[in-house]
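Chain residues, written in single-letter form:
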Amino acid sequence: MAAAVSALCALAAGCHKPAPPAFAMPPAPVSVAAAVAEDVPVYLDEIGQGAASESVTMTPQVSGRIMERHFEDGAELKQDQLLYTIDPRPFQAALDSANAQLAQSKAALELAKSQLEMYNVVSDARAVSKLDYDTKKNTVAVDEALVLAAQAALETAKLNLEYCYIRSPIDGRAGKRLVDAGNIVTGNQTGLLSIQRLDPMYADFTITERDLPIVQEEMARGTLKTLVRLPSDAEASNCPGELTFLDNAVQNGSGTVNLRATFSNSGHHFWPGQFVRVRLVLSVKKGAVLVPNEATQIGQQGPYVYVVRPDTTAELRQVTLGQRHGDRIVIESGVASGEQVVVTGQLAVNPGAKVRIDTGTPGGPGSTAGPAGAAEPGAKTGASKS
C-alpha cells in the first residue's frame, strides 16, 4: 500500500510543469512629429459676400431717340468712354436759338446804354425830365438782366447737347444692355445699362457683438488685416485686404455688426454677389505651440495627445486647443515646443506603454526614426507654414 502511494506521488510530480510567462504586447507602431513654436495670427473666420466697389445704373438726362450704341455687353469700360448717342439735332437747334437770343439781348443792352449816356450828357433839367432819365436807366438794368438770362439759356442748351452723348462715369464692366438703338428714352427715367467696378472689390461680412470689443480695440491700433478667398479656393490663395468699414450699430435680432473689407481684384477672380470666406486677422500670437491636427484626440476628459518620452513610452496629456492654422492647430497648454507627439497609431497606444517609431507609415506626416527625443536630420515635422 505504501509503495502504491509513493508511485502515485512520483507520477504527479513528474506531470507538473512550470507556468509559461505572461504574454507581453509588442510596442505599438506610431509616427510622431515635433511640436514647434511659431508666431501665428489670431483671427475670426466669417462668411461674407462680394460687392463691387462702384456700381452705376446709367439713365439719360434728356429725352430723345437712341441713334447709336458704342459698346458690347460685358465689355470692360473706361471712364468717359462713349456708350450711347441720342439724336442731337433738336438740341443743336435749341443751342442755335439760344445763341441768337443772347445776341439780340446784347444788342438791346448796347442801345439802352447809348441812350442813357446821351441823357447823362444833357444835364439841364429843363431839357431832360427826371422821369425820362429814370426810365432809360431802368431800361439798361432790364436789358442787363435779359442778357444774363440769355447766357443761362445758352449754357442749358450746351449741357443738353452734351447729354446727347452718354459716357461712362467710371472704369468698370458693362452688364447687359437695357436699350437698343432706335428706342425713345425719357430723361432721368429710362434705364440704359448697369456698370460695376470690379477692382478693387468689397467683401461685406458680419461679426457677433461678442467679438466687437476686441475688433474695435485692434482697429484703433491699426493692426487689423483681412484675408479673402472663395469657398472653393485653397487656403493658401487668400487675397490680402484692409478693413475699411465698421458699422455704427448692432443689428436688431441677429446681434451682429456689419463690416467691409477692401481688396485687390485685378484678375477679376471675385465677382459681385459671390459668397466669400473672410479671415479677420486681429493680432499675432508670439511663440505659439503647434502640432499636426491628426495628433489631437477627444476623450471623456476633453482633448488630449500622446507625448512620446525619451524612453519611448507614451504619456497621455490633456491639452487646451487653440485656433487651427492649415493642417496644424495651436496647443494653448499641455505640450511644450520640441516634444514629440503621436500623429498616427493612437488607437494601439496605451498610456505608459512602449511605442515603436514607424518611419514607413504611408501618409504619416512628421514620422521620425530612432529615439523619440530627437528626429533624424532633415526629417519633416508635418507642420507647414500657415
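Residues numbered from 1 in each chain as written. Predicted model: local features only at pLDDT ≥ 70, side-chain atom pairs only at ≥ 80, totals over all residues. Heavy atoms only, no water.

### Notes on the pattern of salt bridges
Under the counting rule described, the total for this entry stands at 17 salt bridges. Here Asp-73 ties to Arg-177 by a salt bridge, and the two come within 2.9 Å at their closest N and O atoms. Taken together, the positions of Asp-73 in the loop between strand E3 (64–69) and strand E4 (76–77) and Arg-177 in the loop between strand E7 (172–174) and strand E8 (184–185) put the pair 104 residues apart, joining distant regions of the chain. For Asp-73, a relative accessible area of 34% gives the class partly exposed. Relative accessible area serves as the criterion here: at 27%, Arg-177 is assigned to the partly exposed category. A salt bridge links Glu-332 to Lys-285; its shortest N-O distance comes to 3.5 Å. (Salt bridge = Lys/Arg side-chain N within 4 Å of Asp/Glu carboxyl O. Helix = DSSP H or I, 4+ residues; strand = E, 2+ residues; numbered from the N terminus. Buried < 20%, exposed > 50% of the residue type's maximum accessible area, 1.4 Å probe, protein only.)

### Details of the environment of Ala-261
Turning to its location among the elements, Ala-261 is positioned in strand E12 (residues 256–263). Given the relative accessible area of 0%, Ala-261 is considered buried. Along the chain, Ala-261 and Glu-242 lie 19 residues apart, while their C-alpha atoms are 5.4 Å from each other. When sequence neighbours within four positions are dropped, the list of residues in contact with Ala-261 reads Met-201, Tyr-202, Ala-203, Phe-205, Thr-226, Glu-242, Leu-243 and Thr-244. (Contact = heavy atoms within 4.5 Å.)

### A word on the pairing of strand E10 (residues 225–229)
When E10 meets strand E13 (residues 275–292), the two strands line up antiparallel, connected through 5 bridges. Pairing of Thr-226 across the sheet is with Leu-280, part of E13. As paired elements, E10 and strand E11 (residues 239–246) share 3 bridges and run antiparallel to each other. Within the sheet, the bridge partner assigned to Val-228 lies in E11 and is Cys-239. (Pairing = 2+ DSSP bridges.)

### Comments concerning unusual backbone geometry
Put simply, Asp-199 and Pro-200 share a cis peptide bond, and its omega is 5°. For Asn-188, which is not glycine, the phi torsion reads 65° and is therefore positive. By the element assignment, Asn-188 lies in the loop between E8 and strand E9 (193–208). A positive phi angle, close to 65°, is found at Thr-312, a residue other than glycine. Among the structural elements, Thr-312 can be located in the loop between strand E15 (302–308) and strand E16 (314–318).

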